[in-house]
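Residues per chain are reported as follows:
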Amino acid sequence: MKEFEWAVIGSGIAGIVSAEILTREGHSTVLIEKNEKLASETTRDFHEWMHTGSLYTLIPDNLITLKFILGAVDDILEYYSSYQGMNLIPTESGIKIETVQNGWFADNRIHFKYRIKDRKITFPWLIGVARSVYLIEKIKQHDWLRRRAGVLDPYKLNYQEIFKLTNTLIKHKQDYFDLETPDFTTISRNLLRDLITTSIKYGLHVSLSNEFLKYKKNDDGYLIHCSKESFKAKNIVLGLGANISGFIEADVKTSFAPLAVVSNISKETNSFTELDYYPKNCINIITKGNNIGLIGGISFSDKNKCDSYMDEVIKKHKKYNPDLQVLNRYIGVKSEITVKNQPRNYLYHIIEIESNVWGIIPGKFTLGFSIAPEFYRRIYKKNPRKSFKTFSNDGKYGDLVSNTAWYDMSRNQK
Ligand SMILES: Cc1cc2nc3c(=O)[nH]c(=O)nc-3n(C[C@H](O)[C@H](O)[C@H](O)COP(=O)(O)OP(=O)(O)OC[C@H]3O[C@@H](n4cnc5c(N)ncnc54)[C@H](O)[C@@H]3O)c2cc1C
């Protein structure tokens, strides 16, 4: 039986970033995945929206989520800049996205269309929108050269400015107030394929189509029982997405997000989300190039509601793109995990399940980039290295990573 220092189980963003940071530091590691390809569940279905906090300016949580998200962007700059594809450029006023071959990120800024003309819309909503616009402008101007974005001071809200903005919104003539946010998109396969290629060149062993069944403690570590090949390891990381609930004391709230891959969208279409006082009206589109887009809206606890809701979403998008054609539909499964005795929900969790067994649940793809260095810090009490030799996707190893769902669906139609 092969022996490793670390067994990372599950190969979504949580498993891949954990395996990469461990191998970067020279630890022998096996990555175990039950499917034929890596990143083939939630990390395949997601929108590829890289959050810089804009959406979380609308949440009344004392800006805690916003700060975690900004911290994740900070960590991409700090710990992933050795990669050639890592094309974020920090400036004194915002982040620029350079065009490079096989770049990880696209300068595809997400627009917010705040609904402001509706007789039912309340004054608190308008204040909420004004506060959101105010904070987004702050994020846009953030000095990324000096970084520390995650400690942006929430108490510096200038209420005079926010009231002024509320007045501007009241006088706004159109139904929607359109704002380009600093959020952008990721070409996630470029990113994941580079991470996997580099990890394998540093010695990562990948075991596919191998379902993890259970682990058992023995004298010098753990026996990891799997369906095809079992391993021995001193330490374990469980990056099982929603499946982790079988191993930790956690409540998993599952919801279903209907999505559709569409074509024939005009070149002028920006990625956007409509933001409305009523969540069901919050439709969105992430553009993918070549007139393709991924459209969606809210998620439901009842899967049966997805189909009729998606019909409505498509109708609404036809307002913007009358020639839009639906290539395929699918339902993304969202798993929000709440861990007992931990106040944070919908954020990342790093949990020591028992001695040398860790559970990692990022809650957002974007948060993967702070979860890995944070995990490493907790174990080894030092930072992982920031500058190191990296390798780009060479096809051979990169092909172990699945395509995104939208990509496969758009190609199958051609
Ligand atoms: C519809 C949708 C849209 C989203 N959009 C965005 C977005 O635009 N931006 C963003 O930042 N976040 C987004 N998210 C959230 C983000 O996608 C997830 O938080 C993230 O991908 C979860 O990664 P993960 O590694 O925890 O889980 P997963 O990607 O689900 O990975 C878990 C892996 O573990 C494997 N596994 C499970 N059980 C076993 C077992 N027994 N043995 C071996 N392997 C096993 C699975 O096969 C899978 O590969 C979205 C989520 C959804 C559902």
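Residues numbered from 1 in each chain as written. Predicted model: local features only at pLDDT ≥ 70, side-chain atom pairs only at ≥ 80, totals over all residues. Heavy atoms only, no water.

A. View of the nonpolar core. Ranked by size, the top nonpolar core spans 79 residues in total, and within it Tyr80, Met86, Leu88, Phe105 and Tyr114 carry the most contacts. Among the elements that line this core, the one with the most residues is helix α4 (residues 123-140), at nine residues. With residues up to four places along the chain from it excluded, the contact list for Leu88 reads Ile76, Leu77, Ile95, Lys96, Ile97, Phe105 and Phe184. Core analysis: the next-biggest nonpolar cluster, separate from the first, contains 23 residues, Phe4, Ile9, Ile337 and Val339 among them. (Core = buried A, V, L, I, M, F, W, Y, C linked by side-chain atoms within 4.5 Å. Buried < 20%, exposed > 50% of the residue type's maximum accessible area, 1.4 Å probe, protein only. Helix = DSSP H or I, 4+ residues; strand = E, 2+ residues; numbered from the N terminus. Contact = heavy atoms within 4.5 Å.)

B. Main features of the pairing of strand β12 (residues 221-226). Pairing geometry for strand β11 (residues 212-218) and β12, over six bridges, is antiparallel. Its bridge partner being in β12, Lys216 is matched across the sheet by Leu223. Taken together, β11 and the strand that follows it, β12, pair antiparallel across an intervening segment of two residues. As paired elements, β12 and strand β13 (residues 231-238) share three bridges and run antiparallel to each other. Bridge pairing in β13 places Tyr222 opposite Ala233. Counting the residues that bridge the hairpin from β12 to β13 gives four residues. (Pairing = 2+ DSSP bridges.)

C. Expanded view of the sheet that holds strand β17 (residues 292-296). In space, the seven strands of this open sheet follow the order β8-β7-β15-β16-β17-β14-β18, with mixed pairing throughout. At either margin of the open sheet sits one strand with a lone partner, and together these are β8 (176-180) and β18 (325-339). Ignoring strand direction, the axes of neighbouring strands in this sheet form an average angle of 20°. Bridging between strand β14 (residues 250-263) and β17 involves three bridges; their strand directions are antiparallel. Looking at the pairing, Val261 lines up with Leu294 of β17. (Axes fitted to C-alpha atoms, helices over the stretch in contact; angles between N-to-C directions.)

D. Just unusual backbone geometry, in detail. Phi is positive for Asn62, which is not a glycine, with a value near 60°. When you line up the elements, Asn62 lands in the loop between β3 (49-50) and α3 (64-79). In this structure Asn62 comes out as exposed when scored by relative accessible area, which is 52%. The backbone phi angle of Lys381 is positive, close to 55°, even though this residue is not glycine. For Lys381, the location among the structural elements is in the loop between α8 (368-380) and α9 (405-412).

E. A look at α3. Helix length check: α3, at 16 residues, gives a terminal C-alpha distance of 22 Å against a target of 22 Å (1.5 Å per residue), a fit within 8%. Buried within α3 we find Thr65, Leu66, Ile69, Leu70, Gly71, Ala72, Val73, Asp74, Asp75, Ile76, Leu77 and Tyr79. (Expected span 1.5 Å × (residues − 1).)

F. Local environment of the pairing of strand β20 (residues 357-361). Among the five residues of β20, five are classified as buried, and the element is accordingly described as predominantly covered. By the alternation rule, side chains of β20 split into Val357, Gly359 and Ile361 and Trp358 and Ile360, which are all buried. Two elements, β13 and β20, share three bridges in a ladder whose sense is parallel. Across the sheet, residue Val237 finds its bridge partner in β20, namely Trp358. Hairpin remark: strand β19 (residues 349-354) followed by β20, antiparallel, with two residues in the connecting loop; positive phi at Asn356, about 65°.

G. Representation of the packing of aromatic side chains in the model. Summed over all chains, the structure comprises 24 aromatic pairs. Taking 5.8 Å as the distance between ring centres and 70° as the angle between the ring planes, the aromatic pair formed by Phe4 and Phe231 counts as edge-to-face. Taken together, the residues span a long stretch of sequence, with Phe4 in strand β1 (residues 3-9) and Phe231 in strand β13 at a distance of 227 residues. Grouping residues by exposure puts Phe4 and Phe231 together as buried. Centre to centre, the rings of Trp49 and Phe112 are 6.4 Å apart; their planes meet at 70°, and the pair counts as edge-to-face. A residue pair is termed long-range when its members are at least 10 positions apart, and Trp49 in strand β3 and Phe112 in strand β7 (residues 111-115) qualify at 63 residues. Site record: aromatic cluster; members linked through ring pairs are Tyr83, Trp104, Phe105, Phe184 and Phe388. (Phe/Tyr/Trp six-rings, centres within 6.5 Å; stacked < 30°, edge-to-face > 60°.)

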